[in-house]
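The residues making up each chain are set out below.
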Amino acid sequence: MNLTNSQIRARARQLLDDNIFGKDWLKSAFLSTIMLIIVLGTGGLLFAIFNLYITPALMGLVAHNESLNNSAFPTVLQIVLDIFEALLIAIPAGPIFVGLASAHIDLVRRGENIRIRRFFDGFDGVIDNFQLGFFYVLNVVVWLCLFIIPGIYVAYGYAMAYYVRRDNPEYTWRECFDESERIMEGNRWKLFRLHCNFFGWFLLGLAFAGIGLLWVFPYASVSTAVFYEDAKNNAN
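Everything numeric in this text was worked out from a predicted model, so none of it was measured.

The rules we used
Residues numbered from 1 in each chain as written. Predicted model: local features only at pLDDT ≥ 70, side-chain atom pairs only at ≥ 80, totals over all residues. Heavy atoms only, no water. 1 Å grid on protein atoms, 1.4 Å probe; cavity = no way out; pocket = protein on both sides within 12 Å on 5 of 7 lines; lining within 4 Å. Points joined across faces, edges and corners; volume = space filled by probe spheres on them. Helix = DSSP H or I, 4+ residues; strand = E, 2+ residues; numbered from the N terminus. Nonpolar A, V, L, I, M, F, W, Y, C, P; charged D, E, K, R; others polar. Phe/Tyr/Trp six-rings, centres within 6.5 Å; stacked < 30°, edge-to-face > 60°. Buried < 20%, exposed > 50% of the residue type's maximum accessible area, 1.4 Å probe, protein only. Lys NZ or Arg CZ within 6 Å of the ring centre and 35° of its normal. pLDDT = per-residue confidence, 0-100. Axes fitted to C-alpha atoms, helices over the stretch in contact; angles between N-to-C directions. Parallel < 35°, antiparallel > 145°, perpendicular 65-115°, else oblique. Left-handed = near helix turned anticlockwise from the far one by under 90°. Contact = heavy atoms within 4.5 Å. Patch = residues over 30% accessible without salt bridge, like charges linked within 9 Å, V, L, I, M, F, W, Y side chains within 5 Å. Areas by Shrake-Rupley, 256 points an atom, 1.4 Å probe, with all protein chains shown as cover. Salt bridge = Lys/Arg side-chain N within 4 Å of Asp/Glu carboxyl O. Core = buried A, V, L, I, M, F, W, Y, C linked by side-chain atoms within 4.5 Å.

With respect to the layout of surface pockets
In step 1: Here the second largest pocket is characterised by a volume of approximately 170 Å³.
In step 2: The wall of the second largest pocket is formed by Arg 13, Ile 20, Trp 25, Trp 201, Leu 204, Gly 205, Phe 208, Gly 212, Trp 215, Val 216 and Tyr 219.
In step 3: Going through the elements one at a time, α11 (199-207) and α12 (213-235) are the ones with two or more residues in the lining of the second largest pocket.
In step 4: Residue classes in the lining of the second largest pocket are distributed as 8 nonpolar, 2 polar and 1 charged.

Some thoughts on the packing of aromatic side chains
In step 1: If you walk through the whole model with that rule in mind, you get 15 aromatic pairs.
In step 2: Each ring, one from Phe 202 and one from Phe 217, has its centre 5.6 Å from the other, and the planes form 70 degrees; the classification is edge-to-face. Residue Phe 202 is located in helix α11, and its partner Phe 217 is located in helix α12; the two are separated by 15 residues in the primary sequence.
In step 3: Since its relative accessible area comes to 24%, Phe 202 is described here as partly exposed.
In step 4: Ring pairs connect the aromatic residues Phe 134, Phe 135, Tyr 158, Trp 173 and Phe 177, which therefore count as one cluster.
In step 5: Positioned above the aromatic ring of Tyr 153, the side-chain terminus of Arg 188 is 4.0 Å from the ring centre.

Thoughts on the confidence of the model for the protein chain
In step 1: Looking at the protein chain as a whole, the pLDDT averages 85, with 92% of positions reaching at least 70.
In step 2: Helix α9 (residues 173-184) holds the highest mean pLDDT among the elements of the protein chain, 97, whereas helix α3 (residues 66-69) holds the lowest, 64.

Observations concerning the packing of helix α6 (residues 126-146) against α9
Describing two packed helices takes the angle between their axes plus the distance from one axis to the other.
In step 1: Orientation of α6 relative to α9, taken along the N-to-C sense of each, is 55 degrees, at an axis distance of 9 Å. Taken together, the axis directions place α6 and α9 in an arrangement best described as oblique. Viewed along their axes, α6 and α9 form a crossing whose handedness is right-handed. Between α6, through Gln 131, Leu 132, Phe 135, Tyr 136 and Asn 139, and α9, the contact on the second element is made entirely by Trp 173, Cys 176 and Phe 177.

Some thoughts on a nonpolar patch on the surface
In step 1: A cluster of nonpolar side chains, Leu 45, Ile 49, Leu 52, Tyr 53, Ile 54, Leu 58 and Leu 61, forms an exposed patch at the surface whose accessible area comes to about 720 Å².
In step 2: On the secondary structure map, Leu 45 appears in helix α2 (residues 23-63).

What to know about the nonpolar core
In step 1: One finds Tyr 136, Met 160, Leu 191, Val 222 and Phe 227 to be the most contacted residues of the largest nonpolar core, which totals 51 residues.
In step 2: When near neighbours in sequence (up to four residues on either side) are disregarded, Tyr 136 contacts Ala 155, Tyr 158, Ala 159, Tyr 162 and Phe 177.

Quick word on the packing of helix α1 (residues 5-15) against helix α10 (residues 188-196)
In step 1: Running from N to C, α1 and α10 point in directions that differ by 55 degrees, and their axes come no closer than 10 Å. Comparing their axes, α10 and α1 come out oblique. The crossing of α1 and α10 is right-handed. Each of Asn 5, Ile 8 and Arg 9 in α1 lies in contact with α10, whose residues at this interface are Lys 190, Arg 193 and Leu 194.
In step 2: For the contact of α1 with α10, the class distribution of residues is 2 nonpolar, 1 polar and 3 charged.

Below is the structure:
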């Protein structure tokens, strides 16, 4: 079956019982909260330490070297440091997003209630999942720094990598990317449009001091899981 984006969203709402205060919607909102705390908390702390201490120290050393300071080196160094700072956010991302994929894919495939413990599946093979998150963000950030459109193209080509890892824990990060690209062949624009459908919802969530996002994330996450299952079946 090749579902349209409208059908994907309708299926996601059905799985969530069309009730923002339903059990599964609230469980998914709870997992989204944990995700934000870990990713933004841990990654943000590392980012702050690097930005407050390491970056100024390195740029200060360059500033005291007249030959380097009068060349393009400071600009290049600043770009490299900015990329590295962005990668710090990726350090906890891999296990967290694999865990979210695991929790939501069971709901999509078997209609089972979301089980909180599935969120911690991402910490099985934690090093491999760290690598997956790191190389995903590395590829996307580097391409975005070079060209915006190719960066988005790469991001959506690898968008299913966390779901692939959930289904194939033995895969390397490279194999997860390759399988994601196979699944996403001809589907990048469709997923991009699906995510664009949530733009208004995200704005509405922000309007309520950001708290509303905790109810938007489940809708978007389950919709993406439905998309993955449909695209994977069609690719096979």
